[in-house]
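A look at the structure
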Amino acid sequence: MSNNDNTSSNENPPENDPRPKELRTPKSLLLVHTGHGKGKSTSAFGVMIRGIARDWKVGVVQFVKSGNWNVGEEKIGRQLGVDWFALGEGFTWDSQNLEQDKKTGAAAWNKADELLKSGVYDLLIFDELTYLLNWNWIETQPVIDALVTRPEHINVVVTGRDAPQSLIDIADTVTEMRNVKHAYESGFKAKRGIDY
Ligand code: ATP
Ligand code: MG
């Protein structure tokens, strides 16, 4: 991956505006948050807040979390009028039941695809979609096709580790969260209010 992180806090303030001369307003953007560090989903929910502030119609699909985990972001998202779908329920987490997982994965993606095609959203967050691709629970190409041909006003954020190159290629903004250190490695379990 090319390294565009070319600003450093150790250098003098930049004298030239690094932005291209002719800036255009995009109809919508596709963002990908990937990498092995913490912050992919929380950053997506930051975008959700910005969208809500602009009176956008926002939808969230959580592909791995199940509805009964009741994460904090779901509670507040629903209160703010976000359509929230936690579709991870039904996965067996058992490699012996790949057929069932593929069915559940296909159903979850079909829902997401339907939301995309409905055209009613300004922002859709597909949280942890990459895992379904990486585990071969759904095929990558139909997902890429659906994202490329989406209604042109729909902004999309996709999160999850190890985003496939084909997804990176079609995205406008890709951020890789790099793990420097995580509390988990010191033996701390997930913390309410911080991790969920
Ligand atoms: P978050 O939802 O906190 O933004 P994330 O979306 O970047 O995290 P996921 O891969 O979705 O990360 O993992 C979700 C959970 O795993 C979170 O509770 C998060 O704190 C934890 N986690 C994230 N990165 C790491 C890591 N490098 N080591 C251990 N646990 C991690
Ligand atoms: Mg996440």
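Scroll up to find the structure.
Residues numbered from 1 in each chain as written. Chains lettered and ligands numbered in written order. Predicted model: local features only at pLDDT ≥ 70, side-chain atom pairs only at ≥ 80, totals over all residues. Heavy atoms only, no water.

This part takes up the packing of aromatic side chains. If you walk through the whole model with that rule in mind, you get six aromatic pairs. For the pair Trp109 and Phe126, a centre-to-centre distance of 6.0 Å together with 80° between the ring planes defines the contact as edge-to-face. Residue Trp109 is located in helix α3 (residues 98–118), and its partner Phe126 is located in strand β4 (residues 123–127); the two are separated by 17 residues in the primary sequence. Given the relative accessible area of 7%, Trp109 is considered buried. Following the ring pairs from residue to residue traces out a cluster consisting of Phe91, Tyr131, Trp135 and Trp137. (Phe/Tyr/Trp six-rings, centres within 6.5 Å; stacked < 30°, edge-to-face > 60°. Helix = DSSP H or I, 4+ residues; strand = E, 2+ residues; numbered from the N terminus. Buried < 20%, exposed > 50% of the residue type's maximum accessible area, 1.4 Å probe, protein only.)

Moving on: the site of ligand 1. Around ligand 1, a shell composed of 14 residues is seen, among which Lys38, Lys40, Thr42, Glu128 and Asp195 lie nearest. Taking His36, its main chain carries an N or O atom lying 2.8 Å from a nitrogen atom of ligand 1. One of the side-chain N or O atoms of Lys38 is found 2.5 Å from an oxygen atom in ligand 1. Burial of ligand 1 by the surrounding chains reaches 83%, relative to a free accessible area of 580 Å². In this structure the site holding ligand 1 corresponds to the largest pocket. In terms of residue count, helix α1 (residues 40–53) provides more of the shell around ligand 1 than any other element does, three residues in total. (Near = heavy atom within 4 Å. Polar contact = N/O pair within 3.5 Å; in protein donor to acceptor, adjacent residues only side chain to side chain. Areas by Shrake-Rupley, 256 points an atom, 1.4 Å probe, with all protein chains shown as cover. 1 Å grid on protein atoms, 1.4 Å probe; cavity = no way out; pocket = protein on both sides within 12 Å on 5 of 7 lines; lining within 4 Å. Sits in = over half its atoms within 2 Å of the grid points.)

A few words now on the coordination of the magnesium ion (ligand 2). Ser41 (OG) and Glu128 (OE) make up the full set of protein donors to the magnesium ion (ligand 2), lying at 1.9 to 2.0 Å. Of this pair, Ser41 sits in helix α1 while Glu128 sits in the loop between β4 and α4 (129–134), placing them 87 residues apart in sequence. Each of the two residues, Ser41 as well as Glu128, counts as buried. (Donors = N, O, S within 2.8 Å, 3.2 Å for Na, K, Ca; no water.)

Taken across its five residues, strand β2 (residues 58–62) has five buried, putting it largely inside the fold. Burial along β2 is two-sided: the face carrying Val58, Val60 and Gln62 and the face carrying Gly59 and Val61 are both buried. Sheet topology places β2 next to β4; five bridges connect them, and they run parallel. Residue pairing in the sheet places Val58 in a bridge with Leu123 of β4. (Pairing = 2+ DSSP bridges.)

Spatially, the six strands line up as an open sheet ordered β3-β2-β4-β5-β1-β6, and their pairing is parallel. Where the open sheet ends on each side, the last strands, each with one partner, are β3 (83–86) and β6 (173–177). On average, each strand axis in the sheet is tilted by 10° relative to the strand beside it, whichever way the strands run. Bridge count between strand β1 (residues 30–35) and β6: five bridges; the pairing is parallel. Note that in β6 the partner of Leu31 across the bridge is Thr173. Sheet strands in contact with helix α2 (residues 72–79) are β2 and β3, and its direction is about 150° off that of β3. (Axes fitted to C-alpha atoms, helices over the stretch in contact; angles between N-to-C directions. Contact = heavy atoms within 4.5 Å.)

You will see that Asp55, though not glycine, has its phi angle at about 60°, which is positive. With respect to the secondary-structure elements, Asp55 resides in the loop between α1 and β2. Given a relative accessible area of 72%, Asp55 falls into the exposed group. Its identity as a non-glycine residue notwithstanding, Asn136 has a phi of 60°, on the positive side. Its place among the elements puts Asn136 in the loop between α4 and α5 (140–148). Judged by its relative accessible area of 53%, Asn136 falls in the exposed class.

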